[in-house]
Amino acid sequence: MTTMPAGSVALGIDIGGTGIKGALVDVPAGTLRGKRHYIPTPQPPTPEAIAEAVREMRDHFDVPAGTPVGVAFPAIVRHGIVRNATNIDPSWIGMNAETLFTEALGAPATVLNDADAAGLAEMALGAGRQAEGVTLVVTLGTGIGSALFLDGRLLPNTEFGHLSINGIDCCPWASGAARVKEGLSWAQWISRLQDYLGFAEFLMWPDLIIIGGGISQDAEQFLPLLQLDARVVQAQMQNDAGIIGAACEASALRGV
Ligand code: BGC
């Protein structure tokens, strides 16, 4: 099983296409300590502008030196380096985000993919607790993020949100944002989601699918209508999962 370390407080920051959310996290409990702070994502979301926003977030919480900082980032992040850029500025590609944020903060930052961060939190403390076998966590927000687990262990940086059906990238097509942006009815959007999840299921055969992201708050609108072989459940931490997962991961890696 994924386990979160016994530690104290870490700062978690979740960078999204429209907003940056941060909060102090009680790591052993996996809960927010106090209120979240929100900063609109700077436009264009360049490395310099995002680094400045991350610094602003740290200053807002006035964190003591040595507090681990975890950043959930909306792209592939391998060994600290950003590898793609769907919802962020293309100038991020090839950049070491860990070095950038560490320099901006004057303290070590841990950076991981946002869906992986959310998935880690759900597996350790939320809807995936005790889950055995294959679990697919899907975050439906501005885009679609994925996190894949076997017996609670993460295979990092999967990009199953970008599965393509009939030449269409599912990430903008079936995301939570697509429903609003394209003015789709629930029925129209659910039909896209069904196609997307049906294809994902055919490729991975997960035992459990956890649906997260902003739209998971409305899970009763669509979960009962999905026809899938896997058990499908709503994420429990919803919009806090990325913050909590990033903070806990930073705390674990720093051994705090
Ligand atoms: C990115 C993923 C990210 C997802 C959710 C996608 O466009 O490629 O890395 O997890 O959006 O933010």
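Residues numbered from 1 in each chain as written. Predicted model: local features only at pLDDT ≥ 70, side-chain atom pairs only at ≥ 80, totals over all residues. Heavy atoms only, no water.

1. What to know about the overall build of the protein chain
Right, on to step 1. If you tally the helices and strands in the protein chain, you get eight helices and 14 strands.
Right, on to step 2. Over its C-alpha atoms the protein chain spans a radius of gyration of 17 Å, differing by no more than 12% from the 18 Å that the globule rule assigns to 256 residues.
Right, on to step 3. Each of the three principal axes of the protein chain carries a C-alpha extent, and together these read 50 × 40 × 30 Å.
Right, on to step 4. Across the 256 residues that make up the protein chain, the buried fraction comes to 56%.
Right, on to step 5. By element, 52% of the accessible surface of the protein chain is carried by carbon and sulfur atoms, the whole surface being about 11,000 Å².
Right, on to step 6. Across the protein chain, the centroid of the 15 positively charged side chains sits 3 Å from that of the 26 negatively charged ones. (Helix = DSSP H or I, 4+ residues; strand = E, 2+ residues; numbered from the N terminus. Rg over C-alpha atoms; globule rule 2.2 N^0.38 Å. Buried < 20%, exposed > 50% of the residue type's maximum accessible area, 1.4 Å probe, protein only. Areas by Shrake-Rupley, 256 points an atom, 1.4 Å probe, with all protein chains shown as cover. Lys, Arg positive; Asp, Glu negative; His and termini not counted. Charge placed at Lys NZ, Arg CZ, Asp CG, Glu CD.)

2. Topic: the sheet that holds strand E8 (residues 134–140)
Right, on to step 1. Taken together, the five strands give an open sheet; going across it, the order is E10-E9-E8-E13-E14, and neighbouring strands pair in mixed fashion. The outermost strands of the open sheet, each flanked by one partner alone, are strand E10 (153–155) and strand E14 (231–234). Recorded for the sheet is a direction-independent mean angle of 25° between the axes of neighbouring strands.
Right, on to step 2. Of the strand pairs in this sheet, strand E13 (residues 208–212) and E14 are connected by four bridges, and their pairing is parallel. Of the residues in E14, the one forming a bridge with Ile209 is Val232.
Right, on to step 3. Packing against the sheet, helix H3 (residues 114–125) makes contact with E8, strand E9 (144–150), E10 and E13, and its axis sits at approximately 45° to E9.
Right, on to step 4. Across the sheet, helix H6 (residues 186–204) is in contact with E8, E9 and E13; its angle to E8 comes to roughly 150°. (Pairing = 2+ DSSP bridges. Axes fitted to C-alpha atoms, helices over the stretch in contact; angles between N-to-C directions. Contact = heavy atoms within 4.5 Å.)

3. Comments concerning the side chain of Ser175
Right, on to step 1. Looking at where Ser175 falls in the secondary structure, it is placed in the loop between helix H4 (170–173) and helix H5 (176–181).
Right, on to step 2. There is a polar contact of 3.5 Å between the side chain of Ser175 and the backbone oxygen of Cys171. (Polar contact = N/O pair within 3.5 Å; in protein donor to acceptor, adjacent residues only side chain to side chain.)

4. Quick notes on the domain arrangement of the protein chain
Right, on to step 1. Here the protein chain is described as being made up of domain 1 (9–116 + 240–254) and domain 2 (130–235).
Right, on to step 2. In this structure, domain 1 and domain 2 have C-alpha centres spaced 24 Å apart.
Right, on to step 3. Taken together, the 11 residues of domain 1 in the interface contact 11 residues of domain 2.
Right, on to step 4. The tally of links between domain 1 and domain 2 comes to zero salt bridges.
Right, on to step 5. Scanning the region where domain 1 abuts domain 2 turns up three residue pairs in polar contact (both at pLDDT 80 or more).
Right, on to step 6. Those elements that provide at least two residues to the side of domain 1 that touches domain 2 are strand E5 (77–78) and H3.
Right, on to step 7. Here the residues of the side of domain 1 that touches domain 2 are counted per class, giving four nonpolar, five polar and two charged. (Domains from an automatic or database assignment. Salt bridge = Lys/Arg side-chain N within 4 Å of Asp/Glu carboxyl O. Nonpolar A, V, L, I, M, F, W, Y, C, P; charged D, E, K, R; others polar.)

5. Notes on the packing of aromatic side chains
Aromatic rings considered in pairs are described by the distance between their centres and by the relative angle of their planes.
Right, on to step 1. Under the defined criterion, the tally for this structure stands at six aromatic pairs.
Right, on to step 2. Seen in terms of ring centroids, Trp186 and Phe222 are 6.2 Å apart; in terms of plane orientation they differ by 15°. Their pairing is stacked. With Trp186 in helix H6 and Phe222 in helix H7 (residues 219–222), this pair connects stretches of sequence that are 36 residues apart.
Right, on to step 3. Owing to a relative accessible area of 0%, Phe222 belongs among the buried residues under this scheme. (Phe/Tyr/Trp six-rings, centres within 6.5 Å; stacked < 30°, edge-to-face > 60°.)

6. Describing unusual backbone geometry
Right, on to step 1. Following Gln43, the chain continues to Pro44 via a peptide bond in cis, the omega torsion being -5°.
Right, on to step 2. With respect to the helices and strands, the residue Pro44 is situated in the loop between strand E3 (31–40) and helix H1 (47–61).
Right, on to step 3. A positive phi is found at His79, a non-glycine position, where the angle reads about 50°.
Right, on to step 4. Its location among the elements puts His79 in the loop between E5 and strand E6 (81–82).
Right, on to step 5. The exposed category is assigned to His79, whose relative accessible area is 73%.
Right, on to step 6. Unusually for a residue other than glycine, Trp205 sits at a positive phi of about 45°.
Right, on to step 7. Along the polypeptide, Trp205 turns up in the loop between H6 and E13.

7. Let's talk about the site of the ligand
Right, on to step 1. Of all residues adjacent to the ligand, which total 13 residues, the nearest are Ala75, Asn113, Asp114, Glu159 and His162.
Right, on to step 2. Within the contact set of the ligand, an oxygen atom lies 2.6 Å away from a side-chain nitrogen or oxygen of Glu159.
Right, on to step 3. The class makeup of the residues in the shell around the ligand is five nonpolar, six polar and two charged.
Right, on to step 4. Counting only domains with at least three residues in the shell around the ligand, you end up with domain 1 (9–116 + 240–254) and domain 2 (130–235). (Near = heavy atom within 4 Å.)

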